[in-house]
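Read off the chains here:
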Amino acid sequence: MPGYNCSLKGLLNMIGKEEVNLENLEDYLDAVKSELKEYDSETDELKLENNDTNRPDLWSLEGTARQIKACMFDEHADYDFFDKTPKAENVIKVDPNLKGIRPYIAGFSVSGTKVTDELLKQLIQAQEKLCDNFGRKRELIAIGIYDFNKVKLPVHYVASEKTKSFMPLGFEEEMTLSEILEKHPKGIQYGNIVAKFDKFPLLTDDSGEVMSFPPVINSNNLGKVKVGDENLFVEVTGTEKESVMLVANIMAVNIADHGGIIEPFTIEYESEKFVSPSKFEDSTEVTLDFTKKLTGLDVTIDELENSLRKFGHVVKRIDENTLSCTPPSYRRDILHMSDLVEDYCICYGYNNFVPKMLDSFTVGSESDISKLEKLMRELLIGMNFQEVMTYILTSKENQTVKMRDESGIAEIANPMTETYGVVRKSIIPILLEIESKNPRAEYPHRIFEIGEVASADEKTSYETKHKLSVLVAHSNANFSEISSILQALMYYLGREYKLEPIEHPSYIVGRTGAIIYKGENIGVIGEIHPEVLENWSIGMPCCGFELDIK
Amino acid sequence: MNETVERLHPLEIAVLMAFKKKDVFSNEELSVASEIPVNQLRTAIEWLLLKNFIKTSEIGRKEFVSITSIGSEIAENGFPETKILEVIASNQDGISLKDLPTALGMEPAKVNPLIGNLRKNSAVVIENGIIKKSESDFIATLEKRLSIFKKIKELGTVDICELSKEEVDEVRQGFKKRTPEKGFFRIDEKILLEISITEEGKAVIPFLKIRQVVNQITPQLLASGKWREAEIRKYDINLNAPKLLIGKKHPYRQFLENVRQKLVGLGFEEMSGPLVENEFWDMDALFMPQFHSARNIHDVYFVKNTEKPKDIEEPFYSNVKSAHENGKQFASKGWGYTFDEERTKRLIMRSQGTAISARTLASGPKNPGKYFAVARCFRYDQIDATHGTDFFQVEGIAVDENINFAKLLGLLKLFAKEIAGTEEIKFRPAYFPFTEPSVEMHAKHPILGWIELGGAGIFRKEVTLPLGVKSPVIAWGLGIDRMAMVSLGINDIRQLFSHDLDFIRDSKGV
């Protein structure tokens, strides 16, 4: 989940309220659902985390300050550039051949502010978070920032031959687009996004000078921004129009919050034109009835309207029960009226609610399996057994090779380590693992586990099964002992069962039985095969059983 | 005085009675006089020493000789030096040092020290690499020594005083104090004790009587009624009792059972679901878009499916697909992307207990109805002191036409009191893909301080409507691992699933 950093001073400055300080900052962070992870008083750096994957506008100092000011102080910046008509020369021309490759672009220029250290840091951070987290590692979104003074207008966004060459950022020599994918670190990291296409996206200025190779790398010439630069050009490319427009809007308001003057651009596609940044006119209705029902508050239409407006929405009253809300242009997370109700609740303050008790009557109960498990557990404890509890993920070797039984194991496709590479299909191997690790614990060892397993054989098809697994280890452990334990268990459960001699690779031939209950094979009992014991380096005879709980 | 006498063990009484005849005994004499075997006598002496009724003093030491395994081998096979001398003697002109090991069938490294020994005793002469026997008859000397080895081997353990001076010299020479196992003989020193009665002991004697003292009530005593005449010895009841190995629940299980009991008490019914889930129930049904960042390869364990993936049940599949793609059917804008049918069938290890809630919603839950699950869940995390490969999540839902956010907060407050034992709580806005509004509850735990106790919210309509539930549904989840660790007294989460039998056996109930 996105974590982002900023200086405490920078954040407090941007909020601009004396009453906000480090001590009470967390209360204000409620407005943005961010968590204060750390503050380093030496560097003045704050580490914040935001889990709202639908609010990329909040993953920055500017967005955090903006939402706090709105929700807590009813103060709103006027982003008038959203209503500006672009200057005639501010144009990005889009090559129709980009269709199916990376068709969308948005962009704007910035003047009137010098790039400071803080602004540069925040720009780079916003770029990273928006591309990595929201932009799915640049697949959906990639952002480029340029020194606008060097750019000759109009800008051209084209599908280029792979043989085209330019000097990528951080290199002193020209490379073709194909070479960049093979040699440049960013090419290796992000090349897979475009590698499958015949032509690659390329951004050039009007003189043909390459600006960048989206989504991979900027040019070393135009695509380099440093502290002190005064005029910038920002562009966003991607595969989905709305996301591209949204991210351009977020970048624009963030820079405007630092005093930058935003100049919009016209994006010229083959058959249509768009302006960027531009407003979304995407409204959602919310009713008073729904709000009352969902919150349990006796709210009035005025209060609801006022709170939503305060939170940042443009609110129109349709009637005494209905409001139409247009979220600010840097948000696109309102899918349903319940999203608006949450904004209202945050404005109201979660801790200002009076918690109420549920008043409907329901009868609580445990599941039948849990009840049966409880009974089994009590009986085994009565027979002097210690319960154990273990992980469900385990190693393939333990479940198969050591048990001389390779069948039906469900494997993890992307294991973190081999130690936890499969789902256990049996608990007996884990009880043997415990036995192998505890030769010094006082004997006899009488242990059991009640737990879930799953296997990949045709019959079970990854279905979860509940199992009881029992193991006895001491110098005289034998079939007769384990059989009396099973017998006592089944007697007190009131279950008549039979043992049928079978062969099982993990148990000694002639001392192994299938446990048959109601004509069905529900488990196996026996003396553990000496070769299995040897595989586990166990020097003590062991016997056990495992059965399905149902 | 009476009480002291009554508590005396029969062995102690027998020893004290022996002192009626004389004041000082040796160990053996006392054994005879008290009619107690030596090994039992030692215990009685220790007890009486503690009570100050007798005292012991050392009157001397005795040395006992026995043969070691090395010495014993020599006693049987003779000295290797003898063999060397015999081999040399059989060659008139002597034998070259180089060829000697081969002739003996021994390793050179073992032969060399023996030669050195023979030379020291002038038994051989070496000239120009040729070894010859000297004039002296060293073989006879060795034979004599060998007879001593044989004698001691036969005797087993023998008092050193019973050996001749020659024999004692041989033994002392062959005894290495620091490394007895490398020597030929062992010498063990034993301390000779003299046991005498103290004034306190003497004072007790007149009160002693030889009684029929009973240690253990037996069926025979009960049947015969003889217990009436018998005197039942009084015990020191504060002596440590032997440790017992008992059967018991796992301590973490005990903790989880307590939580379950609370939830059942609060009117929740238990629900369950599979460990190996498909993406549909784990995520899609919960309105997590398929491109959501928590759904990639580094967040979830995928399971290799060796079979044809199963179709998702209708109408849930079509409804959920439609909620994701455009949402119109459910008064939502939807996520606006093309739903991937293959992806939704993919198998994963259940990543959140909410998957079970989704299945419960689809199964036609009671209304009003409350449900909970204590579910194993799996996250793709590096295993360390705070992360396990799998862990328990406590999850649940409440379905009720009249449920709302204020009641959700009331339920959370109740959980804080019942499960964390605190009334000090704070609510914070939170984000979960499947609830709106969403809330996090922080509670001040009596030991841990402020902890994030749980997350909750009201299920989005895009979750409930496609699964066929029209009433509002509260969804909640509690983080209980840290509380479990406190009550188990551990600070590494891996210990919850420990393989250490002593740790599990010694852990107390919670």
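Look above for the structure.
All of these numbers come straight from a predicted model, not from anything done at the bench. (Residues numbered from 1 in each chain as written. Chains lettered and ligands numbered in written order. Predicted model: local features only at pLDDT ≥ 70, side-chain atom pairs only at ≥ 80, totals over all residues. Heavy atoms only, no water.)

Draft legend 1. Just the overall build of chain B, in detail. Check the secondary structure of chain B and you find 21 helices and 18 strands. The C-alpha radius of gyration computed for chain B amounts to 43 Å, which surpasses the reference 24 Å derived for 510 residues by more than 25%, pointing to a less compact arrangement than a globule. The principal-axis extents of the C-alpha atoms in chain B amount to approximately 120 × 85 × 45 Å. For chain B, buried positions account for 51% of its 510 residues. Across chain B, contacts joining residues at least 24 apart in sequence account for 68% of those joining residues at least 6 apart. When the accessible surface of chain B is summed, it comes to about 25700 Å², and 51% of that surface belongs to carbon and sulfur atoms. Computed over 71 positive and 71 negative side-chain charges, the inter-centroid distance for chain B is 3 Å. (Helix = DSSP H or I, 4+ residues; strand = E, 2+ residues; numbered from the N terminus. Rg over C-alpha atoms; globule rule 2.2 N^0.38 Å. Buried < 20%, exposed > 50% of the residue type's maximum accessible area, 1.4 Å probe, protein only. Contact = heavy atoms within 4.5 Å. Areas by Shrake-Rupley, 256 points an atom, 1.4 Å probe, with all protein chains shown as cover. Lys, Arg positive; Asp, Glu negative; His and termini not counted. Charge placed at Lys NZ, Arg CZ, Asp CG, Glu CD.)

Draft legend 2. Main features of unusual backbone geometry. A cis amide bond, omega 5°, links Glu314 of chain B with the succeeding residue Pro315 of chain B. Relative to the elements of secondary structure, Pro315 of chain B occurs in the loop between α14 (279-282) and α15 (316-325). Along the chain, Glu436 of chain B connects to Pro437 of chain B via a cis peptide bond; the corresponding omega equals -5°. Of note, Pro437 of chain B is situated in strand β16 (residues 435-445). One non-glycine residue, Lys137 of chain A, lies in positive phi territory at about 55°. Looking at the element boundaries, Lys137 of chain A is found in the loop between α4 (117-134) and β6 (141-147). On the basis of relative accessible area, Lys137 of chain A is assigned to the exposed category, the value being 54%.

Draft legend 3. Structural context of the interface of chain A and chain B. Every contact between the two is made by 91 residues of chain A and, on the other side, 95 residues of chain B. Carbon and sulfur atoms supply 56% of the area that chain A and chain B bury against each other, a total of about 8200 Å² over both sides. Residue Asp30 of chain A pairs with Arg428 of chain B through a salt bridge whose shortest N-O separation is 2.4 Å. For the pair chain A and chain B, the number of links is 52 residue pairs in polar contact (both at pLDDT 80 or more). The greatest single-element share of the side of chain A that touches chain B, amounting to seven residues, is contributed by strand β23 (residues 445-454) of chain A. A per-class count over the side of chain A that touches chain B returns 41 nonpolar, 26 polar and 24 charged. (Buried area = accessible area lost by both parts, 1.4 Å probe. Salt bridge = Lys/Arg side-chain N within 4 Å of Asp/Glu carboxyl O. Polar contact = N/O pair within 3.5 Å; in protein donor to acceptor, adjacent residues only side chain to side chain. Nonpolar A, V, L, I, M, F, W, Y, C, P; charged D, E, K, R; others polar.)

Draft legend 4. Examining empty space enclosed by the protein more closely. Residue and element names in this part refer to chain A. Tallying each qualifying case throughout the model produces five cavities of 30 Å³ or more. Empty space within the largest cavity amounts to approximately 140 Å³. Forming the boundary of the largest cavity are 17 residues, of which Lys33, Asp52, Arg55, Asp333 and Glu342 lie nearest the centre. Element by element, the count of residues in the lining of the largest cavity is highest for helix α10 (residues 337-348), at four residues. (1 Å grid on protein atoms, 1.4 Å probe; cavity = no way out; pocket = protein on both sides within 12 Å on 5 of 7 lines; lining within 4 Å. Points joined across faces, edges and corners; volume = space filled by probe spheres on them.)

Draft legend 5. Examining the packing of aromatic side chains more closely. All chains considered together, the criterion is met by 37 aromatic pairs over all chains. With a centroid separation of 5.1 Å and 70° between ring planes, the pair formed by Tyr348 of chain A and Phe353 of chain A is classed as edge-to-face. Note on Phe291 of chain B and Tyr337 of chain B: the rings are 5.3 Å apart at their centroids and 75° apart in plane angle, and the pair reads as edge-to-face. Linking Phe291 of chain B in the loop between α14 and α15 with Tyr337 of chain B in the loop between α15 and α16 (341-345), this pair joins segments that are 46 residues apart in sequence. The buried category is assigned to Tyr337 of chain B, whose relative accessible area is 16%. (Phe/Tyr/Trp six-rings, centres within 6.5 Å; stacked < 30°, edge-to-face > 60°.)

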